[in-house]
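# Commentary on secondary and tertiary structure
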Amino acid sequence: MAELFRMPAVAADAATAVLSAWQVAEGASFTKDDALVSIETDKAEVDVAAERDGVLLKALYGPGVEIEVGDPIAVLGAVGEQTGDLGALLAELGVGAPAAAPQAVRRDVPEEPVAQPAAAPASGGPDRGGRVFSSPLARRLAREAGLGIETLTGTGPGGRVVRRDVEAAVAARRTQGTEPPAAPSPVAAAPVPRADAGDHDDIPHTRMRRAIARRLTESKQHTPHFYLRATCAVDELLALRQRINAVSPVRISVNDLLIKAVATAHTQVPEMNAVWQPESVRRFRSVDVSVAIATDTGLVTPVLRGIENLSVSAIATRTRAFAEQARSGSLRPADLEGGSITVSNLGMYGVEEFAAIINPPQAAILAIGAARDEAVVRDDAVTAAKVLGVVLSVDHRPVDGAVAARWLAAFTEAVQNPVRLVV
């Protein structure tokens, strides 16, 4: 029996979301857990899976439309069910004709036609609509490279096309010295040069870029930042990492150890594990820390939860999983929510020190620079040591300066005496 498929609430605080792409053609069958549609929010693009077997009878919106959560976006039926009189069916379900539906097309997303039904397979099996399973990021990269996603061989779970498959195809094409056929690209999706000058390109904002700009501007305007700086000796930390990696099946990075040091400091100074709310300061019982990960589409900050109870190797495993999901576009909105502090590390780029902007509603962000050789005084003698600079940005509303200073002292102590991070 036909039923409405409504825009899901893929993020806890989202009133609307953008329908990015249909993964099933109209008239095509799907099975439980197949990706039906890609939905984009301010924080991520996610595939929404089918809850049961069925067929997509009618897509009520095409890609690029911003739709309120809970509004109907498609009509689903049982496997083998036919559309029949579409107008009568929509009226029976209490939905107006698709032509009358508002089409608030985003300016930063190219219009694409709704996928058309494919011919039924000769084998008589379920009609898959010629679909190729792929991640949202892989589809975008393929489109930008002029590659048809259906021409790629997927190496992800279940044959899913992922980022590395697109990159491999692009590299192979360059090696062969062939140029791709010109792919149709709407004007709105391409860089828009000024009519009177050819010395620059205007790149339309994506939804994520707009969200990053809005949130960080609001943070600097409305969050009273203050900053504390410290220099940590990391000779023992680096030596400990080397010993761990000699026996651990999971490779540990310096950042993994520093994240564990953040958890140690939060445990010792629980007043820092808090966020500002209009009527109260909310203090958390577990230590949830966001990790800043750079992707091709922008910065994302997935949250490591309960890290005060995790080993360093468990932190390393989860961080790497988040990094892979972030770059393949498969992070869930729930992965990006929560936490009271973010760790942002630019040390791998040789940056010695920087001050980061707090990611609201969190209370702090720790900016980590590169480890470097520096002359230090120990036991009245000058000697060379590896040191690392950090800058702690703090929201002065829930956290006072003295509390932040105690936290930074606890963090520095944990870094300089790292054995406590593994016991």
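Structure's up top.
Per chain, residues are indexed from 1 in the order of the written sequence. Where local features are concerned, this predicted model is filtered to residues with pLDDT of at least 70; where side-chain atom pairs are given and counted, the filter is 80 or more; whole-chain, interface and lining totals use all residues. Side-chain descriptors were evaluated using all non-hydrogen atoms of the structure, hydrogens and water having been removed beforehand.

On to the sheet that holds strand β5 (residues 45-49), then. Any two strands with at least two DSSP-identified bridges between them are counted as paired. Helical segments are the DSSP runs of H or I of at least four residues, strand segments are the runs of E of at least two, and each set is numbered from the N terminus. One open sheet accounts for four strands, arranged β5-β4-β2-β7; its pairing is antiparallel. The sheet terminates laterally at β5 and β7 (65-68), the two strands that pair on one side only. Going across the sheet, the axis of each strand differs from the next one's by a mean of 40 degrees, ignoring polarity. As defined by bridge partners, strand β2 (residues 16-22) adjoins strand β4 (residues 35-40) across four bridges and the pair is classed as antiparallel. Residue Trp22 lies in a different strand from β4, and its bridge partner there is Val37. Each axis is a line fitted through C-alpha atoms, and for a helix only the stretch in contact is used; angles between axes span 0 to 180 degrees, taken between their N-to-C directions.

As used in this record, nonpolar core signifies buried Ala, Val, Leu, Ile, Met, Phe, Trp, Tyr and Cys residues forming a set joined through side-chain atoms within 4.5 Å. Only protein chains enter the accessibility calculation, which uses a 1.4 Å probe; a residue is then buried when its area is under 20% of its type maximum, exposed when over 50%, and partly exposed in between. Of all hydrophobic cores here, the largest spans 56 residues; its most connected members are Met272, Ile307, Val390, Leu392, Trp407 and Phe411. Pairs of residues are marked as contacts when any of their non-hydrogen atoms sit within 4.5 Å. Non-local contacts of Ile307, meaning those with residues more than four positions away in its chain, are made with Ile259, Lys260, Ala263, Val287, Val289 and Ile315. The next biggest cluster of nonpolar side chains, apart from the first, holds 30 residues, and it includes Trp22, Val37, Val48 and Ile67.

Remark: helix α5 (residues 235-247) packs on helix α6 (residues 254-268), axes separated minimally by 10 Å, with the N-to-C direction vectors making an angle of 115 degrees. Our pair here, α5 against α6, has a crossing hand that is right-handed. Facing Leu237, Leu238 and Arg241 of α5, the residues of α6 in contact are Val254, Leu257 and Leu258. Take the far helix as the reference: if the near one is turned anticlockwise from it by less than a right angle, the crossing is left-handed, and if turned clockwise, right-handed.

Quick look at the environment of Val18 now. Of note, Val18 is situated in strand β2. Between the C-alpha atoms of Val18 and Thr41, which are 23 residues apart in sequence, the distance is 6.5 Å.

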